[in-house]
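# Overview (structure and organization)
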Amino acid sequence: LAADALALHRKHCSPEMKPIVACLNRDHARLVSEQFKAAGIAAEYLDGTMSLERRQAVMNGFRAGTVTAIVQVAIVDEGTDIPDSECLMLLRPTRSLRLYRQLVGRVLRTAPGKTEALVIDAGQAYADCGLPDSPVEWTLGGLKPSPPRPTLTAEEGEVTEHPQAELILEQQLRLEQITREQAE
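Counting of residues starts from 1 at the beginning of each chain's written sequence and follows it residue by residue. Reporting of local features is limited, given that this is a predicted model, to residues whose pLDDT is at least 70; pairs of side-chain atoms are given and counted only at 80 or more, and all residues count toward the totals for whole chains, interfaces and linings. To get the side-chain values, take all heavy atoms of the structure and skip hydrogens and water.

### A closer look at the pattern of salt bridges
Every case where a carboxyl oxygen of Asp or Glu lies within 4 Å of a side-chain nitrogen of Lys or Arg is listed as a salt bridge. The tally for this structure, following the rule as stated, stands at four salt bridges. Among the salt bridges present, the one from Lys18 reaches Asp84, with a minimum N-O distance of 2.8 Å. Of this pair, Lys18 sits in the loop between α1 (2-12) and β1 (19-22) while Asp84 is found in the loop between β3 (69-72) and β4 (87-90), placing the two residues 66 residues apart along the sequence. The cut-offs for exposure are 20% and 50% of the maximum accessible area for each residue type, with area from a 1.4 Å probe on protein chains only; residues under the lower value are buried, those over the upper are exposed, and the others partly exposed. By relative accessible area, Lys18 is classed as buried at 11%. To qualify as a helix, a DSSP run of H or I must reach at least 4 residues; to qualify as a strand, a run of E must reach at least 2; elements of each kind are numbered from the N terminus.

### Observations concerning the confidence of the model for the protein chain
In the predicted model, the protein chain carries a mean pLDDT of 77, and the fraction of residues at 70 or more is 76%. pLDDT is a residue-level measure of predictor confidence that goes from 0 to 100. Ranking the elements of the protein chain by mean pLDDT puts strand β8 (residues 151-153) last, at 55, and strand β2 (residues 43-46) first, at 90.

### Things to note about the pairing of β4
Consecutive side chains of a regular strand alternate in pointing toward one face of the sheet and then the other. Of the two faces of β4, the one holding Cys87 and Met89 and the one holding Leu88 and Leu90 are both buried throughout. Sheet analysis places β1 next to β4, joined by four bridges and oriented parallel. When the sheet's bridge partners are listed, Pro19 is paired in β4 with Cys87. Pairing geometry for β4 and strand β5 (residues 118-121), over four bridges, is parallel. Along β5, the bridge assignment pairs Met89 with Ile120. Paired strands, as defined in this entry, are two strands with at least two bridges between them according to DSSP.

### What to know about helix α2 (residues 26-38)
Take the residue count of a helix, subtract one, and multiply by 1.5 Å to get its expected span. Over its 13 residues, α2 runs 18 Å from end to end, which matches the ideal 18 Å to within 8%, given 1.5 Å per residue. For α2, the complete set of buried residues consists of His28, Ala29, Val32, Ser33 and Phe36. For α2, the angular spread of the buried residues around the axis is 130°, confining them to a single face. Among the exposed residues of α2, those pointing more than 90 degrees away from its buried face are Asp27 and Ala38. Where α2 ends, the next residue or the one after it, Gly40, has phi of about 90°, a positive value. The directions considered for the arc run from the helix axis to the C-beta atoms.

### A few points about the nonpolar core
Residues grouped as a nonpolar core are buried Ala, Val, Leu, Ile, Met, Phe, Trp, Tyr and Cys residues, joined through side-chain atoms within 4.5 Å. Ranked by internal contacts, the top residues of the largest apolar core, which has 23 residues, are Ile70, Leu88, Leu90 and Tyr100. The set of elements that each furnish at least two residues to this core consists of β1, α3 (52-64), β4, α4 (97-108) and α5 (126-129). Among the elements that take part in this core, α4 stands out by supplying six residues, more than any other. Those residues in contact with Leu88 that lie beyond four places of it in its chain are Ile20, Ala22, Leu103, Val104, Val107, Leu118, Val119 and Ile120. Residues Ala29, Phe36, Val71 and Leu91 belong to the second largest nonpolar core, which totals 19 residues. The criterion used for residue contact is that any of the two residues' heavy atoms lie within 4.5 Å.

### Notes on the sheet that holds β4
Overall, parallel pairing links the five strands, which are arranged β2-β3-β1-β4-β5 in an open sheet. Two strands in the sheet have a free side with no partner beyond their single neighbour: β2 and β5. Averaged over neighbouring strand pairs, the angle between their axes works out to 15° when direction is ignored. Only the contacting stretch of a helix is used when fitting its axis, a line to C-alpha atoms as for every element, and angles between N-to-C directions run 0 to 180 degrees. α2 contacts β1, β2, β3 and β4 of the sheet and is inclined by roughly 170° relative to β2. Strands in contact with α3 are β1, β2 and β3; relative to β2, the strand with the most contacts, it is inclined by about 150°.

### Examining the environment of Ala74
Turning to its location among the elements, Ala74 is positioned in the loop between β3 and β4. In the structure, Ala74 is positioned 48 residues away from Arg26 in sequence and 9.6 Å away in space, judged by C-alpha atoms.

### Considerations on the side chain of Arg106
Tracing the sequence through the fold places Arg106 in helix α4. A distance of 2.7 Å separates polar atoms of two side chains, one belonging to Arg106 and the other to Gln102. Within 3.5 Å is the distance limit for a polar contact, defined as a pair of N or O atoms, with the added protein rule that one can donate a hydrogen and the other accept it, and that residues adjacent in sequence qualify only through two side-chain atoms.

### Things to note about α3
The terminal C-alpha atoms of α3 lie 18 Å apart, and with 13 residues this matches the ideal 18 Å at 1.5 Å per residue to within 8%. Val58, Met59, Gly61 and Phe62 are the residues of α3 that are buried. The buried residues of α3 occupy an angular sector of 160° when projected down its axis, which confines them to one face. In α3, the exposed positions that point more than 90 degrees away from the buried face belong to Leu52, Glu53 and Ala64. On its buried face, α3 sits against β1, β2 and β3.

So, in structure tokens, the structure goes:
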């Protein structure tokens with residue numbers, strides 16, 4: 001995933017996009033940060049072992065535009081507000097719906113002048129967690145994920161929602177209901 005990070009950034013991110021890069025571990029994040037810096041991207045590495053002052057300085061630089069990419073491990077997973085970021089590069093796998101939605105939520109926040117958000121899911125978390133807007137049925141016994149929204153994968157590996165996702169999803173849900181009724 002580290003080797004692909006720079007290629008993914010170049011392919012999908014416009015020069016003014018400021019990505020948050022979620023990495024697997026500290027070594028992975030350091031490597032990606034160094035690759036970005038070598039390519040002229042003003043990236044800064046963050047992890048939980050760094051002082052609060054250092055983390056705040058990087059976040060302030062990101063907001064001011066002197067830092068254009070935050071490459072991190074478990075720093076922005078929850079409780080962090082960075083609304084001006086337009087891109088999440090998820091370079092780690094996760095099966096945790098909570099973590100996935102928290103990370104994606106970092107770039108879905110609104111901000112003045114922000115018109116879009118991009119999620120680059122190199123770890124293919126969408127396969128377990130669904131797309132960011134996939135419905136989830138929460139129950140007292142835990143969550144019951146809804147069927148994943150139908151997607152299409154382009155030759156380049158880019159995943160997008162199927163144009164008839166709503167119709168396909170409705171048909172899947174109806175089949176599940178019929179199966180439950182027949183089992184009763």
